[in-house]
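# Summary of structural features
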Amino acid sequence: MNLRLLARPILMGAFACLFAIFSHAQTKTVTGKVTDSKDGSPLSGASVVAKGTSTGTQTGADGSYKLTVPSSTKTLVISFAGFGNLEVNVSASNTADAKLTSTADALSDVVVIGYGARKSKDVTGSVARVTEKDFNKGQIASPDQLLQGRTPGVLVTPSTGEPGAAATINIRGTGSISGAQEPLYVIDGVPLGQGSSMRSASGVEGGTTPRNPLVFLNPNDIESITILKDASAAAIYGSRGANGVILITTKQGRGGKAGVFNFGANTSIANTARRYDLMNAQDFLLAAKKANIDGGADPVAAGEAVKGIDNGANTDWQDQIFRQAISQNYNLSWAYSNKGTTARLSASYDDQQGIIRNSSLQRLTARANLGQKLFNDKLKLEANITYSSTKSQFPPLSNNAGFQGSLLGAALQLNPTNPVYNRDGSFFQPGDQRNPVQMLAYFDDREVTNRLLTNLSATYQITSSLSYRAVLGLDNATSERLGFADPRLGTNAYGGTNNVFGRDYQNQIQGNGRGTKQNQEVNNTLFEQYLTFDKTFNNVHAINAVAGYSYQSVQNRYTGSFGWGLNTPVVAPTDVFARNFNQFRNYANFLPDFGRNELQSVFARVNYTYNDKYFFTATVRSDGSSKFGSNNRYGTFPAFAFKWRVMEESWAKNTLGKLFSEFNVRANYGKLGSQDNLFNYAALNLQETFDVGNNSPAGPRSRVVQQGNPNLQWEEVTTTGFGVDFTSKNGRLSGTVDYYNAERTNMLFLAPTPGGFAPQSNWWINLPGNVTNKGWEFSLNYKIIQGNKFNWDVNANLTTVENNVTGLPSPVNTGAVSGQGLTGAFAQTLTNGSPIFTWSMPVFQGFDGNGNARYAAGAANQLVGTALPKMFAGLTNNFSYGRWNLSVFLNAVTGHYVYNNTANALFLKGSLRNARNVTNEVGKGPENPFNPGSVSTRFLESGDFVRLANLNLSYAFDIKGKAIKTLSVFASGQNLALFSKYSGIDPEVNVDKNINGIPSRGFDYTQFPRPTVVTLGVNIGF
C-alpha cells in the first residue's frame, strides 16, 4: 500500500478541520433583542451592523437578531428610523440587548415639515407624526386607513366599505361650503396637484362613490405619515394648505452592504358585520295582508291580494348578494446601503374582494427608491419611482338610484316569496321590481387605472451651511372604465336609469343592450428649486432658512362613448353576451372634457432659535393660479409661530423640575388660501362645440356654457392657536394639549348667475360670510408597566370641534333625499348661527291613533343638529410579553346625527301593499300603510359609536437558520365590534348626496357595508 497516497487525504482532512476550528475562532455569533425604551415593544427591522464593517442584519418582528461577526469586533451600531443610534459593546459578551430611545422623546427626532425637516424640539407649529410602529394593521387598501383614529385633530370617515372607496379626511374640522374638503397630499416631497387624482367615472347605474386618490400606493412602502395641522406648519404650501397637509414618507434603503430581503404574505376573510332585519316569507305575507286590511280592503280582498304576491319561495335576498370575501396580499422588498449608495426595491400584489358579489380591487405596485452621493458627498442624487396598475370591479350600486333601487336597494325591498330563477333557468322577474341576482349577472362594470409617480431630485452642498436642491416631479395616470348592460334586462328590470350623461336613450336601448366606455388621462408636472441655509452662531443663535420657487401644471382629459344594439340577438338564458365594446350597431360620443391649471409660487421660511430655548418661525408663500383672472391672480399667505422650552430656564428646573423633564409652550398665527374646488377656467366665458350623435341630422352644435367672473378672489383661512407639550420627570407620561381657531372667509361658491344666464345657470363668486372651526386637542402616552418581560403602555387622543357659520346672505340647502315621491327633497342647510351640514326637517312626534305621522310646528322645517361630530377619540393599548405582542385599538365619535335615507326610501308600511319587503320593526309597527314617507326626524338618528377598530396579535420565532433570519406570524381583526344605537348597518358613513356641487355629510343610502375582517399573515426576513 502506498502510504503517501493514504496520508494525503488524512492530512488534508486534518488541515481542513484545523482551518475550520481556526476560522470559527476568528468569528463569533452575537444575539440580542432591540426594543423601544419607551414601552419595551420590539423594533422590527432595526439595523444591526458591526462598527467599521459592512457586516450587518435586521431585527425580526420580535426585535431579536443574530449576527456573525469577526471575533475582534468590539462594538455594534444599532439604528432604527425615528430612534437615536446606539453603540453597544460586545467585546466581552456574545449577547447584547439594546433599548433605543425615540428621537421624539430625545427631542432630536427628524420630522418632515415640507421643504426640509426639523428636529422635534425645533418644531413650532402643530405637527403630528404616525410611524409604521403605530399604523393600523390588517387589510389595508390605502394609506388613510393606516392613521384612522391614531392622532388628534384628524377625522377619517370611510364613505362606504367598498374596496378602494374614498374616505373623507378632515383636519380640525371642515370649512369649505363648496367642495375642497380634503387635505393636500405630499408624497416624498411631491404634492399631488389639485385635480391630479382620477375622478370617479359614472357607473352603469349612475353616480358612484369616488375612488380613493391614494389607492395607487402600497401601504407597506410607507415609513411615516406627518400631518401639518395649523397655518404655521402648512403655510409653506400656501394656497394648497387650507385643509391641512398630509406628508407621506416612504421607506429608503438601509441594511448594510449585503442588503436585506423581506417577504410578507397574508390572507383576509371578510364578512358582513351587520345585516338588515328583514321579514321572512311567512311574516311578510302576514304583514302584507294586515297592511291591505289597514288600508281599507276587507279580509277576503286582502287575502286575494296576498295570494297574488305569494310566489312560493322563501328567499333571503341579502344572502344572494353578500358573500364571505377572501383576499390576499404579497409583498417583497430588498433594502441596501453602502457608503454613499442607498437603494430599496419593492413589489406588491393585492387581490381584495368585497363582501358584495362582483366587487373587487386588484393592485400591482412596484417601487424603487434610489440614492447616490458623489463628489465627497457634496452632491446627492435621488429617485423615487412608483408604478401601480389597479383593476376594480364594481357592483351595480349608485348614490342616486331610482325607486327600484340599485343592487342593495333592490335586495332589501324584493318580495321574499320570489324565487331567484324560473323553471326554464331564466331569472324570475315580476312586476316593476328588480331581481338582484339578475343584476349581478347582467351588469358588468370594470375599471383599469395605471399610474406612474416619479420624483427626481439633486441636492448640492454649496458650503457646510448652504445647500441647493432641485426637484422634478412627474405624475401620469390613465384609466379606462367599461360598463355593460345585458339586452335581457327588460323594461321591468331596467327602468329609470336610461338617462346617461344628460341624454335619454330609453327608447333605443330597452332590450338592445348597451355599453359605456370612459377614458381619463391626468398629467401632473412639478418643478421646484430652493436654497437651504442652516447654521449655528456661537452655540447660541441658530438659523434655518429656506427660500425657493415652485411651478406645477395639472392637465386633465376625459372622453367617453356609448354604444347600443347588437348585431346578434341575445335572448335565451344560455346565450352569451360578450363584453366587447366594438359589437354594437349604434354609438354616440359623450361631451369630452379638457382642463388645465397652473400654479406658480415663491416661498420662504426662517426658523430662528436662541440658546435652544426660544424658537421663532416666519413663513410666507405667494401663489399665482391660472384659475383666477388677471385682477386677483396672486395671493400671499404669511404665518408666524413661537415656542418656549420652559424647562431650559433655571427657575423652572427648581420648580417645575419636580414634575416635568420637558415643558414647552407654543403659539401660532397664519393665513392660508384655497382654490382647489374652483373650476379650471372659472374666470373666463366658455363656449363648447359638440356632436349630438350619429342618429341626429343636426350635426355639431355650439353653446355658451359658462359666464366667467374675472373678479374672483382667493378663499382664505386665518388660524390662531396655542399648545403645551410635556413629559413627566420619570419619562413615563407625556402629552400634548392644543387649542385652535380657524376662520374661513371669501368663500368660493357656485351661485345662480345674475339675470338667469342660459344655458349655464351658475357662476363662481366669493360668498359673504364666515365659517369658524375651533376646539381642543389632547394626546397622552403613559407607560403603565415596564418590566423585563411584560410591558403595557396606553396612547389616547381626543379632539373637540365647534363649527359655526355667520354672515351668509341667505341659507344654502344641500343633501338630496332619495325615494319615491321625494324628488327635490333635501335634508341639510348651511345657515347663520349653526354648523355646516345642519339638518333641516320637520320634527317627527310619533304616530296618531290612525297610524299617521305627527309633526311639530305644523310640519315646518326645524334645525335639528348637525352631521359634524363634536368630539372624536382614539385609545390604543399595547402589550408585550416575551415574543408575543398585542395591540388593541378603539375609536369613538360622538355629537352628530346620521340620516337613514335607506329607511326613508325603502322601509315604510306602504311598501307592503306594493309587495315590497321591509324590516320587522316597520312591518309589525303601528304605521298606516298610506302614511307618506316624508323627510323628517323619524329617519334622523344619533351617529354616536364606539368601535373595536383594530386588534393585532403577533409572535416572533427564535430562528437560528442561515437562510431565514427572522420569522413572525400575526393575526389581526378589523371592525370586530360596534357599539351604537343606530338602526342601520353602520353610522360611520358618508354617501355623497350633494346638490349643485354643495357637499353633504352624514347620509346613509344603500351603502356598501363595512365588513368585519380577520387577517392571518407571515413575515420573513432573509
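No experiment lies behind these values; they were computed from the predicted model shown.

Assigned secondary structure in the protein consists of 13 helices and 55 strands. With 1022 residues in all, the protein has 55% of them scored as buried. For the protein, the proportion of contacts with a sequence separation of at least 24, taken over those separated by at least 6, is 71%. Element-wise, carbon and sulfur atoms account for 55% of the exposed surface of the protein, whose accessible area totals about 41,500 Å².

Let's shift gears to the sheet that holds strand S15 (residues 222–228). In space, the 5 strands of this open sheet follow the order S10-S15-S16-S13-S14, with mixed pairing throughout. The strands lining the two open edges of the sheet, one partner per strand, are strand S10 (127–131) and strand S14 (190–191). Note that strand S13 (residues 184–187) and S14 share 2 bridges and pair antiparallel. Directly across from Ile-187, in S14, lies its bridge partner Val-190.

Further remarks concern the nonpolar core. Core analysis: the largest hydrophobic core is formed by 79 residues, its most contacted members being Trp-839, Tyr-899 and Phe-907. Grouped together as the second largest cluster of nonpolar side chains are 25 residues, Tyr-185, Leu-214, Leu-217 and Leu-453 included.

Before going further, it helps to examine the pattern of salt bridges. On inspection of all chains with the given rule, the structure shows 32 salt bridges. Among the charged side chains, a network of salt bridges with common partners joins Asp-612, Arg-645, Glu-648 and Glu-662.

With mixed pairing, 3 strands are arranged side by side in an open sheet as S4-S1-S7. Of all the strands in the sheet, just strand S4 (64–70) and strand S7 (98–100) have a single pairing partner and so form its edges. Across the sheet, the axes of successive neighbouring strands diverge by a mean angle of 35 degrees, strand direction being ignored. Sheet topology places strand S1 (residues 27–36) next to S7; 3 bridges connect them, and they run parallel.

In this section: helix H5 (residues 299–309). Listed as buried for H5 are Ala-302, Gly-303, Val-306 and Ile-309. Here the buried residues of H5 occupy an arc of 125 degrees about the axis, which is enough to place them on one side. In H5, those exposed residues whose orientation departs by more than 90 degrees from the buried face are Val-300, Lys-307 and Gly-308. Those residues of H5 that are buried are in contact with helix H4 (281–294). The N-cap residue of H5 is Asp-298: its side-chain oxygen and the backbone nitrogen of Val-300 are 3.0 Å apart.

This next bit is on the packing of aromatic side chains. Aromatic ring pairs are reported here in terms of the distance separating the ring centres and the angle at which the planes meet. With the rule as written, the count across this model stands at 37 aromatic pairs. Note on Phe-562 and Trp-564: the rings are 5.3 Å apart at their centroids and 35 degrees apart in plane angle, and the pair reads as tilted. Of the two residues, Phe-562 and Trp-564, both sit in the buried class. An aromatic cluster is present here, built from Phe-484, Phe-577, Phe-581, Phe-584 and Tyr-587 joined pairwise through their rings. Against the face of Phe-216 rests Arg-451, its NZ or CZ located 4.2 Å from the ring centre. Lys-643 extends its terminal NZ or CZ atom over the ring of Phe-615, reaching a point 6.0 Å from the ring centre.

Turning next to unusual backbone geometry. The phi dihedral of Asn-358 falls on the positive side, at around 65 degrees, and the residue is not glycine. One can find Asn-358 in the loop between strand S19 (341–353) and strand S20 (360–374).

Within the fold, Thr-1015 resides in strand S55 (residues 1011–1021). Given a relative accessible area of 0%, Thr-1015 falls into the buried group. Separated by 2.7 Å, the side chains of Thr-1015 and Ser-268 make a polar contact. Filtering out sequence-adjacent residues up to four positions away, Thr-1015 remains in contact with Gly-138, Gln-139, Asn-266, Thr-267, Ser-268, Phe-970, Ala-971, Ser-972 and Gln-974.

Moving on: empty space enclosed by the protein. In the structure shown here, the tally under the stated rule is 14 cavities of 30 Å³ or more. A volume near 540 Å³ is recorded for the largest cavity. Of all the secondary-structure elements, those providing two or more residues to the lining of the largest cavity are helix H2 (144–147), strand S11 (154–158), S19, strand S49 (884–894), strand S52 (945–956), strand S53 (966–979) and S55. At 3 residues, S52 tops the list of elements feeding residues into the lining of the largest cavity. Its residues assigned to classes, the lining of the largest cavity shows 15 nonpolar, 17 polar and 5 charged.

Moving on: the pairing of strand S30 (residues 614–625). Pairing geometry for strand S29 (residues 593–610) and S30, over 12 bridges, is antiparallel. In the sheet register, Thr-609 faces S30, and the bridge partner there is Phe-615. In this antiparallel pair of consecutive strands, S29 and S30, the connection spans 3 residues, and Asn-611 shows a positive phi of 60 degrees. Bridge count for S30 against strand S31 (residues 634–645) is 11 bridges, and the pairing is antiparallel. From the neighbouring strand, Arg-621 faces S31, where its bridge partner is Phe-637.

For Thr-619, the location among the structural elements is in strand S30. On the basis of relative accessibility, which here comes to 3%, the residue Thr-619 falls in the buried class. With residues near it in sequence (within four places) discarded, Thr-619 still touches Ser-232, Ala-235, Ile-236, Ala-604, Arg-605, Phe-637, Pro-638 and Ala-639.

This brings us to a nonpolar patch on the surface. Judged by side-chain polarity, Ile-785, Phe-790, Tyr-881, Trp-884 and Leu-953 come together as a nonpolar surface patch covering roughly 450 Å² of accessible area. Its location among the elements puts Trp-884 in strand S49.

Bridge count between strand S17 (residues 260–272) and S55: 11 bridges; the pairing is antiparallel. Residue pairing in the sheet places Asn-271 in a bridge with Thr-1012 of S55. With 9 bridges connecting them, S53 and S55 associate as antiparallel partners. Within the sheet, the bridge partner assigned to Phe-970 lies in S55 and is Gly-1017.

Turning next to the packing of H4 against H5. In helix packing, the relevant descriptors are the interaxial angle and the interaxial distance, both defined with respect to the helix axes. Two numbers describe how H4 lies on H5: the axes approach to 9 Å, and their chain directions differ by 140 degrees. Judged on the interaxial angle alone, H5 and H4 are oblique. Crossing angle aside, the handedness with which H4 passes H5 is right-handed. Together, Phe-284, Leu-285, Ala-288, Lys-289, Asn-292 and Ile-293 of H4 and Pro-299, Ala-302, Gly-303, Ala-305, Val-306 and Ile-309 of H5 make up the contact between the two elements. Along the lines of polarity and charge, the residues of the contact of H4 with H5 split into 9 nonpolar, 2 polar and 1 charged.

Across the protein, the average pLDDT comes to 85, with 89% of residues at 70 or higher. Note on residues 1–25: pLDDT is under 50 here. Beyond four places in sequence and across chains, it has 2 contacts. Low pLDDT, under 50, characterises residues 103–108; the stretch is placed with 18 contacts to residues that sit more than four places away or in other chains.

So, about the environment of Asn-711. Structurally, Asn-711 can be placed in the loop between strand S34 (700–706) and strand S35 (715–728). Classification of Asn-711 as partly exposed rests on a relative accessible area of 47%. Distance from Asn-711 to Arg-633, taken between C-alpha atoms, is 9.5 Å for residues 78 residues apart in sequence. Setting aside its immediate chain neighbours within four residues, Asn-711 contacts Asn-631, Asn-632 and Asn-766. Here the side chain of Asn-711 touches Asn-631 through a polar contact of 2.8 Å, side chain to side chain.

So, on to the environment of Asn-741. Relative to the assigned elements, Asn-741 resides in strand S36 (residues 733–745). According to the relative accessible area criterion, Asn-741 is partly exposed, its value standing at 21%. Each C-alpha atom of the pair Asn-741 and Asp-230 lies 9.3 Å from the other, and the pair is 511 residues apart in sequence.

Conventions used here
- Residues numbered from 1 in each chain as written.
- Predicted model: local features only at pLDDT ≥ 70, side-chain atom pairs only at ≥ 80, totals over all residues.
- Heavy atoms only, no water.
- Helix = DSSP H or I, 4+ residues; strand = E, 2+ residues; numbered from the N terminus.
- Buried < 20%, exposed > 50% of the residue type's maximum accessible area, 1.4 Å probe, protein only.
- Contact = heavy atoms within 4.5 Å.
- Areas by Shrake-Rupley, 256 points an atom, 1.4 Å probe, with all protein chains shown as cover.
- Pairing = 2+ DSSP bridges.
- Core = buried A, V, L, I, M, F, W, Y, C linked by side-chain atoms within 4.5 Å.
- Salt bridge = Lys/Arg side-chain N within 4 Å of Asp/Glu carboxyl O.
- Axes fitted to C-alpha atoms, helices over the stretch in contact; angles between N-to-C directions.
- Arc of directions from axis to C-beta.
- Polar contact = N/O pair within 3.5 Å; in protein donor to acceptor, adjacent residues only side chain to side chain.
- Phe/Tyr/Trp six-rings, centres within 6.5 Å; stacked < 30°, edge-to-face > 60°.
- Lys NZ or Arg CZ within 6 Å of the ring centre and 35° of its normal.
- 1 Å grid on protein atoms, 1.4 Å probe; cavity = no way out; pocket = protein on both sides within 12 Å on 5 of 7 lines; lining within 4 Å.
- Points joined across faces, edges and corners; volume = space filled by probe spheres on them.
- Nonpolar A, V, L, I, M, F, W, Y, C, P; charged D, E, K, R; others polar.
- Patch = residues over 30% accessible without salt bridge, like charges linked within 9 Å, V, L, I, M, F, W, Y side chains within 5 Å.
- Parallel < 35°, antiparallel > 145°, perpendicular 65-115°, else oblique.
- Left-handed = near helix turned anticlockwise from the far one by under 90°.
- pLDDT = per-residue confidence, 0-100.

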